[in-house]
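# A closer look at the structure
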Amino acid sequence: MMGAYQAIIVGAGFSGAVMAERLASVLGWKVLVLEQRAHIAGNCFDKKNEQGITVHQYGPHLFHTSKPRVWQYLSAFTAWHPYQHKVLARVGEKLIPLPFNLNSLHLVYPAEQALALERKLLELYGAGNKVSILKLRETAEPELAELADWIYQNIFVNYTMRQWGIKAEDIAPDVLARVPVVLSRDDRYFHDSYQAIPAAGYTALINRLLSHQNINVQLQQNALQRLKLENGKICFDGEIFSGKLIYTGMLDQLFSYQFGELPYRSLQFVFRQLDCPYFQTAATVNYPNAPDFTRITEFKHILAESSDGTTIVTEYPQDYDKNDPEKNIPYYPVFTADNQQRFEKYKTLSAQYPQLIPLGRLAEYKYFNMDDAVANALEVSQLLYEQYGKPI
Ligand code: UDP
């Protein structure tokens, strides 16, 4: 077998690293990880800057999960810094908690009207529950319909248009449902049972996952120049490869765009170092109605790091363009019915290669959070374990 590797994994982000760790330590496979960047950890990559603040180079990553299995698994590779993410939205002169909750309601409406709306909301949807903005917009109650309209117009319409480059009604409803209206006074952005940041950072965590004697990581590798997929067979470095190929990149690129390009959304991150101790009161402030950016994150809130100055990052969404070095990082698949259909063609094609496993947010064209990526990699590794039980 080629280089004695039982698996080649393309991409050293969460999906690739978890898979590598499982295959190496549970199945005892020899695993080669090919990463195109000069560093591991994919878009979770973080590092301390000159001010001693841990910054997330590819945008803020806040770990949260309600999956005990994922929490337990990762806890073997990292200590945690407990952290509950809070987000404020700037609407006009006001800063209101997001997801929109009962505290937000009382900040937006005069006391009496807010109380009446609160009573109606609780009566219809139940205290402590969550309702997606699209569901709330279906209400037959005129006062609630007006509230739903206010939230939709002020929080969702422009932000979504900017984030995705398409109208709010064209993006899959699940996307908006990630930020529901919350019928409580809980100001946290997430409500999962486990919320924390790897104490030494994501890069250190991924490094631990990959630090197994059976795993060989090669950085700055263009895997597609070394791999050839043809007629159901896989060649690597010019020789037939008979192990598993776990691919966490873009499936359209792997198959030379033969069904056309799959749309992705990219981001431009503008970092600024400021002399003041703090820039804003929450880790993230969203600007749903700003002309060209969506949100600003101040990193020192996340690990409660102290420093004289502060570092912030502003996110400017943009179309992904593989030929433009400013726009060639894919962050999100664009979740529309048409794009899903095109993706299905690539998926069908990939099934003609029994050794190939597309894995993760890009390769599966899914809106995975970090914990979803980990859970998914654990599940797939379990399937391989059931299938092989021992090294192939
Ligand atoms: N969203 C919005 N306004 C906001 C926050 C979120 O319209 O202030 C919508 C937007 O379409 C966004 C989606 O909700 O893409 C999901 O938001 P989330 O914060 O989960 O996005 P992520 O952190 O994954 O970029």
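Summary of the structure given here.

So, how was this worked out
Residues numbered from 1 in each chain as written. Predicted model: local features only at pLDDT ≥ 70, side-chain atom pairs only at ≥ 80, totals over all residues. Heavy atoms only, no water. Pairing = 2+ DSSP bridges. Helix = DSSP H or I, 4+ residues; strand = E, 2+ residues; numbered from the N terminus. Axes fitted to C-alpha atoms, helices over the stretch in contact; angles between N-to-C directions. Near = heavy atom within 4 Å. Polar contact = N/O pair within 3.5 Å; in protein donor to acceptor, adjacent residues only side chain to side chain. Areas by Shrake-Rupley, 256 points an atom, 1.4 Å probe, with all protein chains shown as cover. Nonpolar A, V, L, I, M, F, W, Y, C, P; charged D, E, K, R; others polar. Parallel < 35°, antiparallel > 145°, perpendicular 65-115°, else oblique. Left-handed = near helix turned anticlockwise from the far one by under 90°. Contact = heavy atoms within 4.5 Å. Buried < 20%, exposed > 50% of the residue type's maximum accessible area, 1.4 Å probe, protein only. Expected span 1.5 Å × (residues − 1). Arc of directions from axis to C-beta.

### Here we look at the sheet that holds strand β2 (residues 31-34)
Judged by pairing direction, the sheet is parallel, and its 5 strands sit side by side in the order β12-β2-β1-β16-β22 without closing on themselves. Two strands in the sheet have a free side with no partner beyond their single neighbour: β12 (215-218) and β22 (356-358). Neighbouring strand axes in the sheet, compared pairwise and without regard to direction, differ in orientation by 15° on average. Relative to β12, β2 runs parallel, the two being bridged by 4 bridges. Along β12, the bridge assignment pairs Leu 32 with Asn 216.

### What to know about the site of the ligand
Surveying the vicinity of the ligand reveals 16 residues, the closest of which are Thr 160, Arg 178, Tyr 189, Tyr 332 and Tyr 367. Trp 164 places a polar side-chain atom, nitrogen or oxygen, 2.9 Å from an oxygen atom of the ligand. Note that an oxygen atom of the ligand is positioned 2.8 Å from one of the side-chain N or O atoms of Arg 178. In isolation the ligand exposes 530 Å². Once the protein is present, 93% of that is buried. Taken together, the elements giving at least two residues each to the shell around the ligand come down to α6 (142-164) and α7 (173-177). Ranked by the residues each element gives to the shell around the ligand, the list is headed by α6, at 6 residues. Partitioned by chemical class, the residues of the shell around the ligand number 11 nonpolar, 3 polar and 2 charged.

### As for the packing of helix α1 (residues 14-25) against helix α8 (residues 202-210)
Here α1 crosses α8 at 30°, and the two axes come no closer than 8 Å. Taken together, the axes of α1 and α8 are roughly parallel relative to one another. Crossing of α1 over α8 shows left-handed handedness. For the pair α1 and α8, the contacting residues are Phe 14, Ala 17, Val 18, Ala 20 and Glu 21 in the first and Tyr 202, Leu 205, Ile 206, Leu 209 and Leu 210 in the second. Across the contact of α1 with α8, the residue classes break down as 9 nonpolar, no polar and 1 charged.

### Examining the environment of Asn 376
The residue Asn 376 is located in helix α13 (residues 370-388) in this model. Owing to a relative accessible area of 12%, Asn 376 belongs among the buried residues under this scheme. On a C-alpha basis, the gap between Asn 376 and Tyr 287 in space is 32 Å, while along the polypeptide they are 89 residues apart. Every residue in contact with Asn 376, bar those within four places of it in the chain, is listed here: Leu 359, Gly 360, Glu 364 and Phe 368. At 2.6 Å, the side chain of Asn 376 forms a polar contact with the side chain of Glu 364.

### Some details on helix α11 (residues 337-350)
Its 14 residues place the ends of α11 20 Å apart at the C-alpha level, agreeing with the 20 Å of an ideal helix rising 1.5 Å per residue. By the burial criterion, the buried members of α11 are Asn 339, Phe 343, Tyr 346, Leu 349 and Ser 350. For α11, the arc enclosing every buried residue in end-on projection is 110°, short of the 170-degree limit, so these residues lie on one face. Exposed and oriented more than 90 degrees from the buried face of α11 are Ala 337, Asp 338, Gln 341 and Thr 348. Here the buried face of α11 lies against α10 (251-254), β22 and α12 (360-363).

### Quick look at the pairing of strand β19 (residues 295-298)
In β19, alternate side chains face the same way, and those of Arg 295 and Thr 297 on one face and Ile 296 and Glu 298 on the other are all buried. Two elements, strand β18 (residues 284-286) and β19, share 3 bridges in a ladder whose sense is antiparallel. Looking at the pairing, Val 285 lines up with Ile 296 of β19.

The values reported here are purely geometric and, on their own, carry no functional implication.
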